[in-house]
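Structural features, examined
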Amino acid sequence: MDDVDNKTPIPPPKKADPVEEALRAPAPSRALDRLGEALGDAIEDVAYHCGVPIVRVGRDRIVEVARFLKEDSGSRMLLLADLCGVDMIGLRGAPRFDVVYHLTGPDTRERITLKVAVEEGGEVPSVTPVWRGANWHEREAFDMFGIRFAGHPDLRRILMPEEFDAHPLRKDFPLEGREKDHGFWRRPEDETRNTYRD
Amino acid sequence: MSETLLRFVVVPVAQIAVVIAALLLIVVYLVLLERKINAFMQVRLGPRRVGWHGLLQTVADVIKLFTKEDITPRHVDRLVFLLAPVVIILPALAAFAVIPFSGGSFRVGSVGVRAWISDVNVGLLYLLAITSLGVFGVVMAGWSSNSKYPMLGGLRSAAQMVSYEVPLGLSVVSILMLAGTASLVGIVQAQESAGRWFLFWTPYPQILGLFLYFVSGVAETNRLPFDLPEAENELVAGFHTEYSGMKFAFFFLAEYINMVLVGCLVAVLFFGGWLPVTFGIPGLREPLSNFFPFWGGAGAMLTGFFWFGLKVFLVLFLYLWMRATYPRYRYDQLMRLGWKVFIPLGLGHVMVTALAILVRRG
Amino acid sequence: MFGTTEMQINMGPQHPSTHGVLRLELKLDGERIVDTRPVIGYLHRGCEKLGEDRTYAQAIVYTDRMDYCAAFAENLVYAEAVERLLGVEVPPRAQYMRVVLAELQRIASHLIWLGTHAMDIGALTVFVYGMREREFILDLFESYCGARLTYNAVRVGGMPEEFPEGWVEEARRFCDVLPSRLDEYHQLLTANRIWLARTRGVGTIDGKTALDWGMTGPCLRGSGVAYDVRKAIPYEAYADLDFDVPIGEAGDTYDRYLCRMEEIRQSRRIVLQALDKLPGGEIRGKVPRRIKPPKGEVYHVNEGPRGELGVYLVSDGSEHAYRCRFRSPNFVNLQALPDMVRGHLVADVVAVIGTLDIVLGCVDR
């Protein structure tokens, strides 16, 4: 952006909004405490939003942290509720992607969110050895963002056709698709093919 | 016209024509009846658009099937594929050659006409033999379609029809022993002279026999809950997936004709064929066996048709009722039921019947 | 020469009982299943991408199209997520209205499941009976919001409209009719020998494995894990209402069947309670005309008829969500299918698909 032509004055720093304050208020979390005790060095940052701790974890430590949260008697995050990618290009630039893990403890009734940052073309260790259910989620993240998962048993596209060559949930992929994606399923031989009959 | 020509050509051909025409008509309205009865059980109305209360619905369906383009898929084994519908429908029709539809007779010139095409003294054996040919059509259809779902369907039905043939035959054996003849006419006459249907035969009523026969018959005709060969929720349409138009209509027709056949046989073997329902009251027998005494033998024949038709209808109604009520068995469960329950039951049934005959003779 | 080979068979995407456009590549040994590979994505419409392109209020319409058998639950979870992102309180009357509609939706969805599941196993009549009762609920929804399938009946911060006149009485009338109709289904199926033979011991999965796969909803509770979001992390007015969470023991198709049947009964209980307690007052909370949540993110779940419905929203402070992610319970539950059918027969695949109660619109999003 060109600073010289910028006529609008720089807005004064915003006063903290009470609602926003409340949203960001830390909430007690036993799972997070346990994690801090055992694997404190793996935690890079902790934030809170809507009462759920959001823990940023080093990329190579994610499997270790995940296994601890699942197996530790204090946290018991048995359910990997969701795993998804986020294209962070519009929020922070690099590294480009976040992989977000939403964990739930069905009997502790707690939730925790883990985040791992990964640059374009980078690999994240797969958590399929910890939760089998991560399999399709990771395939979807690969399909939609092109994030690779190291050690995934079957990393193929899941929703898009296998011969598709882009990752549609990236921010640089247009909403209506590219020109060449229109009529993706039509093939030249379809025009002349007459099936079923002699 | 010579009497020989009349006796051996004209009358039988006319009888065959009447039976086939009547069968087709019955099937057409059986389909409608099925839809109406199912609709009634499922709090719906059923077809109502074509004709009064949908009476012409199946007629329209038949016309549609007749005029539909006849498609033979490219990948099939042509000869067998074309032959299969024929192979399946011929035995179904041929079986009706020995069914006695009614008693009584009337004369055309010097020739007496009865309500059956022929009275073969090995009628039951003929029936067992000819109906088991039907399975060839199913297997041929499944195999020649050269496609996976029909093949699974064909294999299933081969196994199913062959296994249920055995309990079916066993329940017939006890009837043979009771009647002392394999002629279907003879069987009805035996019930007439005994004064009671075989279903209520003393000291051992053939209720188990009826149950075995009916259930095996349902399995033979591939109807719910034994409709595995064409279980549409698993095998799309089973062995006739690749068929359309007239060829499909043949399979459809064969299935319903076979249903009618089972109904007829249950009526003949267990319910005394054309004999009237008298509730064991002796005085009722005479008036109930001929509603039109002034027509003599022809009146008795008409009355017999009524009673026979009523019994067949009841059996068919049971068929439709079952269809609206039960879920479907799984293939292995069906086999287990056939071999581990029905065949032992059938064998036991034959033994008990034999013992009962001994007891009766004293 | 006489060796046997495994047969590859393709089930779907056009097949009478794959409930939409699911495709399964089955590997068969005779009729026994060696391996299953689900292929999905035929109904992928990019709801998540659309959710990033439209404003928060506009995106509710897209949630209708995901789980079209339970559109209200999807509407609800999305609106709740935006509300949490905004920090908005929903007035109590709206909360109770939401509970009433959500539970009616659950009953409708379970009735669809019952009908199709029974029909897959061959019981034709139950389907029609289920549809009869579902029709009643659709009529209720129609008179509330004008739509019968895709309701779009929730607004961020509350509800769009009051219940129309006489609606509450109609809903009560439905609740009065329901138990006798439920008994009818039980008569047709619960003690039916064939039904038992087809569902007992089929598609068995134990609670630990089910959790490992991430299964939720009746599929998880059928395996004996009492995890219900309505109880575990109550939302809306559920904390004030009294209901039980039925759980199964064996984790087979029959237990899941009983669980869902009991859930219908419990949902009816909730509807009646919520109608009794229905407070007066506002139905819309204080929401700005232009919804611009502060920067931040939320992962919100509620208990949909098929399991834990989740929405993950990342806000960058603008009118559009920066990232809009829908967690579909069907997608996750379907993953366990190969595990559940291994070693069973082809006919059981159909039963297991039925018991998982998938809606392909929600699987593919």
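In case you missed it, the structure is sitting above this.
Residues numbered from 1 in each chain as written. Chains lettered and ligands numbered in written order. Predicted model: local features only at pLDDT ≥ 70, side-chain atom pairs only at ≥ 80, totals over all residues. Heavy atoms only, no water.

**Describing the interface of chain A and chain C**
Contacts between the two partners involve 52 residues from chain A, matched on the other side by 49 residues from chain C. For the interface between chain A and chain C, the tally reads nine salt bridges. A salt bridge links Asp212 of chain C to Lys70 of chain A, with the nearest nitrogen and oxygen atoms 3.1 Å apart. In this structure, the connection of chain A to chain C is made through 23 residue pairs in polar contact (both at pLDDT 80 or more). Listing elements by their share of the side of chain A that touches chain C, those giving two or more residues are α1 (18–24), β2 (52–57), β3 (79–87), β4 (97–105), β5 (110–118) and α4 (134–145) of chain A. (Contact = heavy atoms within 4.5 Å. Salt bridge = Lys/Arg side-chain N within 4 Å of Asp/Glu carboxyl O. Polar contact = N/O pair within 3.5 Å; in protein donor to acceptor, adjacent residues only side chain to side chain. Helix = DSSP H or I, 4+ residues; strand = E, 2+ residues; numbered from the N terminus.)

**Overview of the packing of aromatic side chains**
All chains considered together, the criterion is met by 29 aromatic pairs over all chains. Arranged with centres 4.1 Å apart and planes meeting at 10°, the rings of Phe81 of chain B and Tyr243 of chain B form a pair that is stacked. With Phe81 of chain B in helix α3 (residues 78–94) and Tyr243 of chain B in the loop between α9 (232–235) and α10 (245–269), this residue pair connects regions lying 162 residues apart in the sequence. Tyr243 of chain B carries the same exposure label as Phe81 of chain B, and that label is buried. Seen in terms of ring centroids, Phe214 of chain B and Tyr319 of chain B are 5.4 Å apart; in terms of plane orientation they differ by 75°. Their pairing is edge-to-face. Taken together, the residues span a long stretch of sequence, with Phe214 of chain B in helix α8 (residues 207–220) and Tyr319 of chain B in helix α12 (residues 297–325) at a distance of 105 residues. In this structure, Phe214 of chain B and Tyr319 of chain B share a single accessibility class: buried. Against the face of Tyr322 of chain C rests Lys171 of chain A, its NZ or CZ located 4.2 Å from the ring centre. A cation over an aromatic ring shows up here: Lys231 of chain C above the ring of Phe243 of chain C, its NZ or CZ 4.4 Å from the ring centre. (Phe/Tyr/Trp six-rings, centres within 6.5 Å; stacked < 30°, edge-to-face > 60°. Buried < 20%, exposed > 50% of the residue type's maximum accessible area, 1.4 Å probe, protein only. Lys NZ or Arg CZ within 6 Å of the ring centre and 35° of its normal.)

**What about helix α4 (residues 92–120) of chain C?**
All names here are of chain C. Between its terminal C-alpha atoms α4 stretches 42 Å, which fits the 42 Å expected from 29 residues at 1.5 Å a residue. Within α4, 27 of the 29 residues are buried, which leaves it mostly tucked inside the rest of the structure. Remark: Gly122 follows α4 within two positions and exhibits a positive phi of approximately 110°. (Expected span 1.5 Å × (residues − 1).)

**Looking at the environment of Thr108 of chain A**
Residues and elements named next belong to chain A. When you line up the elements, Thr108 lands in the loop between β4 and β5. Taking the C-alpha atoms as reference points, Thr108 and Met77, 31 residues apart in sequence, are found 8.2 Å from one another. Leaving out residues up to four positions away in the same chain, Thr108 has contacts with Gly74, Ser75 and Arg76.

**Here we look at the nonpolar core**
Among the nonpolar cores identified, the biggest contains 158 residues, and Leu69 and Tyr101 of chain A together with Phe72 and Trp167 of chain C are the most heavily contacted of them. Element by element, the count of residues in this core is highest for α4 of chain C, at 14 residues. For Phe72 of chain C, the contacting residues outside a window of four places in its chain are Arg98, Leu101, Ala102, Gln105, Phe141, Tyr151, Ala153, Val154 and Met159 of chain C. (Core = buried A, V, L, I, M, F, W, Y, C linked by side-chain atoms within 4.5 Å.)

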